[in-house]
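Read off the chains here:
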Amino acid sequence: MPGINYQIKNYRWGLPVAIRFDVDNKPYVQDYIGHIRDVLLYLKTYIDIYYHSIKKFCVDWNVDFKHFFKILYLKAYYHDVGKLCIEFQRNISSNSYNKDFPHKIFALPFYKMLYEMNVIDNFNNIYVACDTNSYSFGYSDFAIIKFYPNGTKAWNNSWGGPNIEKCYDITCDKFGNIYLIGTTNSYGAGYYDLAIVKFYPNGTKAWNITWGGTSGDYGRGIAISYNNFIYAVGYTYSFGNGNDDLILIKYYTNGTKIWNITFGGSQSDRGYSLTIDDKELIYTTGYTDCSGAGYSDFLLTIFYPNGSKLLNTTWGGPNLEFAYHITLDNYNNIYITGQTNSYGAGDFDSALTIFSPNGTIINNITWGGPNVENGYSISINNHNNIFF
């Protein structure tokens, strides 16, 4: 709108935006940071009280649960951002109010900027992670491609060194940054090291890190929590109790490691996939040779946010089972898919096992013919329909 100064500068976060009253009913001016702190505390209290009602609403109306909470947070955090613009502060300093242009109008360009930065996204952009030896510095590199919802390619990028890099999983944070995990033979301390690469929404690389010892260490799954921590799972030959052990690592989003733990017995325990619930419990799956009914079994392990183990359990028969992917439904029931050599119609059949939140087995099914079927991925929609 002509004649209106919408500009918001970084130093303006400390400007006055609201009048509040203390315990003695005396008025005081609250700046934006203090005001937002109060609003977020109110929001947290509301969510704590009505958590199950909100979750039921999302299920009933087919609303993505994580996306709904993201919208609530952004709405609370930026609801008064229009009061920081130059025009509105002029009105405050002159003790006037322009009823034709309230602060919500002043906030519109800021919301537009957020949308263009992918901070607010409709989640319809498509990111594909893989490895490439066609467009690589070495034998094979991490590769990432972004597509628009209509299938048009937005950009592609790759990362790697002179040897071998293999990419296994991808995730995005709430700001649109993309994280790839896999393994590298070009960088790190040992034969193979776990590797994570972060890209900005425009495809520019933010950073890359490795983790490992002198032997082989492999990254297989990655996830971002609601509190914006990175969790990585894989398996390590460099550390732990056995031949190879499950490795779980927690990072800040700048790539700084917070902690790492291993889990396993005297033989082989591997982590292939993980997911995180809204309380930041970490659910990992893979397989174990050390416990269970057969040569190898599905392995489910749940950890607290500090890395302490909550529980572990297995599923399998007398032969071979391998679990490759894990997800949760809206009630935190746990779904794991993989393959089984103990049950089903063929040599190997795809398998789905469902656990309750406390690790009790609810159901297991197999699907396949006379030859080999594998279950590599699983997804659940908001009506708890299962696709694997």
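No experiment lies behind these values; they were computed from the predicted model shown.

What counts as what
Residues numbered from 1 in each chain as written. Predicted model: local features only at pLDDT ≥ 70, side-chain atom pairs only at ≥ 80, totals over all residues. Heavy atoms only, no water. Axes fitted to C-alpha atoms, helices over the stretch in contact; angles between N-to-C directions. Helix = DSSP H or I, 4+ residues; strand = E, 2+ residues; numbered from the N terminus. Parallel < 35°, antiparallel > 145°, perpendicular 65-115°, else oblique. Left-handed = near helix turned anticlockwise from the far one by under 90°. Contact = heavy atoms within 4.5 Å. Buried < 20%, exposed > 50% of the residue type's maximum accessible area, 1.4 Å probe, protein only. Pairing = 2+ DSSP bridges. Patch = residues over 30% accessible without salt bridge, like charges linked within 9 Å, V, L, I, M, F, W, Y side chains within 5 Å. Areas by Shrake-Rupley, 256 points an atom, 1.4 Å probe, with all protein chains shown as cover. Salt bridge = Lys/Arg side-chain N within 4 Å of Asp/Glu carboxyl O.

> Residue-level account of the packing of helix 1 (residues 32-60) against helix 2 (residues 65-78), with values.
Their axes nearest at 9 Å, the elements helix 1 and helix 2 cross at an angle of 155°. Relative to helix 2, the element helix 1 is oriented roughly antiparallel. When you trace helix 1 past helix 2, the crossing you get is right-handed. On helix 2, the residues touching Tyr32, Ile36, Val39, Leu40, Leu43, Ile47, Tyr51, Ile54, Lys55, Phe57 and Cys58 of helix 1 are Phe65, Phe68, Phe69, Leu72, Tyr73, Ala76, Tyr77 and Tyr78.

> Report on the side chain of Ser296, specifying residues and quantitative values.
In this structure, Ser296 sits in the loop between strand 15 (282-288) and strand 16 (297-303). For Ser296, a relative accessible area of 1% translates into the label buried.

> An account of the environment of Ile378 is requested, with residue identities and associated values reported.
Its location among the elements puts Ile378 in the loop between strand 21 (361-367) and strand 22 (379-380). For Ile378, a relative accessible area of 4% gives the class buried. Separated by 10 residues in sequence, Ile378 and Phe388 have C-alpha atoms that sit 4.2 Å apart. Sequence-distant contacts of Ile378, that is, excluding residues within four places in its chain, are made with His325, Ile326, Thr327, Tyr335, Thr337, Leu352, Ile386, Phe387 and Phe388.

> Can you break down the pairing of strand 5 (residues 153-159) residue by residue, with the values?
Where strand 4 (residues 141-147) and strand 5 come together, six bridges link them in antiparallel fashion. Its bridge partner lying in strand 5, Lys146 is registered against Trp155. What sits between the antiparallel neighbours strand 4 and strand 5 is a turn of five residues, in which Gly151 has the positive phi angle 95°.

> Which residues make up a nonpolar patch on the surface, and what values do they have?
The grouping of Ile365, Trp367, Ile386 and Phe388 at the surface amounts to a nonpolar patch, some 400 Å² of accessible area in total. Tracing the chain through its elements places Phe388 in the segment after strand 23 (386-387).

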